[in-house]
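# Fold and contact review
Here's the letter readout for the chains.
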Amino acid sequence: MPRISPKTSERLAKILLWGAGFLTVLILAAIVIYVLVNGVSEINWEFLTTPPIGGLSGEGGISTIIVTTVYLILITIFILTPVGIGAAIYLSEYAQDNILTNFIRYAVETLAGVPSIIYGLFGYALFVSALYLGHSLIAGALTLVCLLLPTMIRTTEEALRAVPQEYREASLALGATRWQTIWHVALPAALPGIATAIILSTGRVIEETACLYVTLGGSAAMPRSILSGGRTLALHVYYLAMDTMAFDKAMATAAVLIIIIVIINLFTNWLSQRFRSAYTAMEEGRP
Amino acid sequence: MRRFIDRASRYVVLLAASISFLILFAIAFFIIARGLPAIQEIGLVEFVTGTVWRPGQGQYGILPMIVGSVAATFGSLILAIPMGLGCAILLAEIAGRRARRFLRPVVELLVGIPSVVYGLVGMVLLVPLVRNLGGNGYSVLAASIVLMAMILPTITSISEDAIRAVPRAYREASLAMGATQWQTIRHVLLPAARSGIGASIVLGMGRAVGETMAMIMVIGNSIKFPTSPLDSARTLTGNIALEINYASGLHEDALFATGIILLVFIIILNTISFFALRRSRAQNIA
């Protein structure tokens, strides 16, 4: 085999690397464009405001599905936010290097890698069966809280750690208690980061399927209470594609999903940029 | 009063933090408590090496599903490692500011696309293409390609961080000795970043093993050993999701036992990546 000169291999390598980047863009473009082109034509006011017929029929719209998704987001975020922020405050403001802290860190670290279906299995065993909640919104939401807690804690903790230490020292020097310092100084300064964490969690509720597939039931009807079952947009896509082969409606629902996800991504990027510039301003404000 | 609030709040946030610890404990407890009796009844060896899964006749062997999960995961890694590493090098070393500002959101958006959308596009776009090669299209190959797109962002972003974290002096020393940029990347940066790159691959593997819905949608779910990439198969995750809603008795417990096996896989992978990442960080500080 002839030796390739460094110059040739340099050129070859760069072509391949750009090729990898190009292919990645192509994959994303293929998915997004394919779904939008095939799905958007089905989306109209009627599709968004009529309930699906359900059962083995793929006909109808997605109104009840949208309502269920919104309910699920609200319940999940309502439980997740206080617990997640509380845990993050403990880890960033109070925790000393002891066994309990190390255990908590290990738990957060490990929980983040456990797959969705295992959370589903757990939610099924605990919330659906042992606590007799059945396949319901509350069982799905509690399962989601367990699933999302590690990310919520980590993102919030990072936001709190990014607040300059001088802020806390200034507040403590003025005679504020530790909690007053956290509540009136650290938390407000970390707010954009915490908002990002909440929005990211909302996105995950919308994207998640496996753990909900085994805890939410999958009824297409309008939920009447937190003990009713239901299906989210993502689950609806699954049922339409697998049970009814209604690929046109599945594409339309998937297009709605992709539009929501793109909006969420743009919004979090904007937020984190704002956060970064606010943080640099804090740093520059230092004497 | 404010002293009281100060003291009380400390315990409130400690309680919140302990909940994550409790959840981990509860997950392990519930899955093991439900799955272990099944493993005892069926026998661990019989359960893991049995080749027939017929709950109706009391036969519980998950080897075909283990093979299905492993095959789809390895297929996806073969595709995703060169692509992801290529993107990581491109983002960390070669691309200019403008290209980076375009590529990074693309990678982020790939993470955000729901797994059912991957599954749906796989079903309508990919499966018919694979069908042209033979078989009915619902196959390990289709699953590997879908998984590749899903784990690509993990490999790309963590590898990029690892390459970026290599001290500047390494690059400068290599370039100063007359090495080309590619020689620097290949012989200096990649070896220096290998712990982080290894961690990214193992984490990608964890994501691939745990993926459920997209797999159910494109892999065909038949319970048999895949003998070629064009064969249909079933994953461990798919086995749990497809049957848990109607299973009862020993069948249900056997699905929890499947969860234990899956959890063992994931914990091994997570532990490896945890230590690899720690090593990579320690190296960069040194």
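Residues numbered from 1 in each chain as written. Chains lettered and ligands numbered in written order. Predicted model: local features only at pLDDT ≥ 70, side-chain atom pairs only at ≥ 80, totals over all residues. Heavy atoms only, no water.

### Considering the overall build of chain B
Along chain B, the regular secondary structure elements total twelve helices and two strands. Helices and strands appear in chain B in the N-to-C order α-α-β-β-α-α-α-α-α-α-α-α-α-α. Dimensions of chain B, computed from the C-alpha atoms along their principal axes, are close to 75 × 70 × 35 Å. The buried share of chain B, taken over its 286 residues, is 55%. Positive and negative side-chain charges in chain B, numbering 23 and 13 respectively, have mean positions lying 12 Å apart. (Helix = DSSP H or I, 4+ residues; strand = E, 2+ residues; numbered from the N terminus. Buried < 20%, exposed > 50% of the residue type's maximum accessible area, 1.4 Å probe, protein only. Lys, Arg positive; Asp, Glu negative; His and termini not counted. Charge placed at Lys NZ, Arg CZ, Asp CG, Glu CD.)

### Examining the overall build of chain A
Helix and strand content of chain A: eleven helices and zero strands. Reading chain A from its N terminus to its C terminus gives the helix and strand order α-α-α-α-α-α-α-α-α-α-α. By principal-axis analysis of the C-alpha atoms, chain A measures approximately 70 × 65 × 40 Å. For chain A, with 287 residues in total, the buried portion stands at 53%. Here chain A carries 16 positive and 17 negative side-chain charges, and the mean point of each set is 7 Å from the other.

### Quick look at the interface of chain B and chain A
Listed per partner, the contact involves 75 residues of chain B and 76 residues of chain A. Summing both partners gives a buried area of about 6,900 Å² for chain B against chain A, and 80% of it is carried by carbon and sulfur. By the criterion of area lost to chain A, the three top residues of chain B are B:Val13, B:Leu120 and B:Met213, representing 8% of everything that side buries. Here chain B is connected to chain A by zero salt bridges. Taken together, the links from chain B to chain A amount to nine residue pairs in polar contact (both at pLDDT 80 or more). Looking at the side of chain B that touches chain A, the element that brings in the most residues is helix α1 (residues 2-42) of chain B, giving 21 residues. (Contact = heavy atoms within 4.5 Å. Buried area = accessible area lost by both parts, 1.4 Å probe. Salt bridge = Lys/Arg side-chain N within 4 Å of Asp/Glu carboxyl O. Polar contact = N/O pair within 3.5 Å; in protein donor to acceptor, adjacent residues only side chain to side chain.)

### Focus on the packing of helix α3 (residues 63-94) of chain B against helix α9 (residues 194-210) of chain B
Residue and element names in this part refer to chain B. With their axes 10 Å apart at the nearest point, α3 and α9 run at an angle of 140° to one another. With respect to each other, α3 and α9 are oriented oblique. You can see that α3 and α9 cross each other, and the crossing is right-handed. Contact residues: α3 offers Thr-73, Phe-74, Ser-76, Leu-77, Ile-81 and Leu-85, while α9 offers Ile-197, Ile-201, Met-205, Ala-208 and Val-209. (Axes fitted to C-alpha atoms, helices over the stretch in contact; angles between N-to-C directions. Parallel < 35°, antiparallel > 145°, perpendicular 65-115°, else oblique. Left-handed = near helix turned anticlockwise from the far one by under 90°.)

### Details of the packing of aromatic side chains
Per the counting criterion, the structure on display carries twelve aromatic pairs over all chains. Considering the side-chain rings of B:Phe29 and B:Phe30, the 5.6 Å spacing of their centres and the 90° angle between planes classify their relative orientation as edge-to-face. (Phe/Tyr/Trp six-rings, centres within 6.5 Å; stacked < 30°, edge-to-face > 60°.)

### Concerning a nonpolar patch on the surface
Together, A:Phe22, A:Leu23 and A:Leu26 line one region of the surface with nonpolar side chains, adding up to about 300 Å² of accessible area. Take A:Leu26: it is sitting in helix α1 (residues 6-39). (Patch = residues over 30% accessible without salt bridge, like charges linked within 9 Å, V, L, I, M, F, W, Y side chains within 5 Å. Areas by Shrake-Rupley, 256 points an atom, 1.4 Å probe, with all protein chains shown as cover.)

### Topic: the nonpolar core
Formed by 184 residues in total, the largest nonpolar core has its most connected members in A:Ile89, A:Phe122, B:Phe47, B:Val117, B:Tyr118 and B:Ile163. The residues touching B:Phe47, leaving out its near neighbours within four places in the chain, are B:Ile39, B:Ile42, B:Trp53, B:Tyr60, B:Gly61, B:Ile62, B:Leu63, B:Ala254, B:Ala257, B:Thr258 and B:Ile261. (Core = buried A, V, L, I, M, F, W, Y, C linked by side-chain atoms within 4.5 Å.)

### Points about unusual backbone geometry
You will see that A:Tyr132, though not glycine, has its phi angle at about 55°, which is positive. Positionally, A:Tyr132 belongs in the loop between α5 (116-130) and α6 (137-161). With a phi angle near 65°, B:Asn221 is a residue other than glycine that sits in the positive phi range. For B:Asn221, a relative accessible area of 13% puts it in the buried group.

### As for the side chain of A:Arg231
Residue and element names in this part refer to chain A. On the secondary structure map, Arg-231 appears in the loop between α9 (210-213) and α10 (233-244). The side chain of Arg-231 sits in the buried core without any salt bridge; Asp-243 is the nearest counter-charge, 6.1 Å away. Within the local environment of Arg-231, its side chain forms a polar contact with the side chain of His-236, the two groups lying 3.0 Å apart. Ignoring anything within four residues of it in the chain, the contact list for Arg-231 reads Ile-65, Thr-68, Leu-216, Gly-218, Ser-219, Ala-220, His-236 and Tyr-239.

### Re the environment of A:Ser129
Residue and element names in this part refer to chain A. Structurally, Ser-129 can be placed in helix α5. According to the relative accessible area criterion, Ser-129 is partly exposed, its value standing at 27%. In the structure, Ser-129 is positioned twelve residues away from Ile-117 in sequence and 16 Å away in space, judged by C-alpha atoms.

### A short note on the environment of A:Leu100
Among the secondary structure elements, A:Leu100 is positioned in helix α4 (residues 99-113). Those residues in contact with A:Leu100, other than ones at most four positions away along the chain, are A:Tyr90 and B:Leu14.

### Things to note about helix α5 (residues 115-131) of chain B
For α5(B), the principal kink sits at B:Met123 and spans about 45°. If you check which residues of α5(B) are buried, you get B:Ser115, B:Val116, B:Val117, B:Tyr118, B:Gly119, B:Leu120, B:Val121, B:Gly122, B:Met123, B:Leu126, B:Val127 and B:Val130. (Bend = angle between axes of the 7 residues up to and from the residue.)

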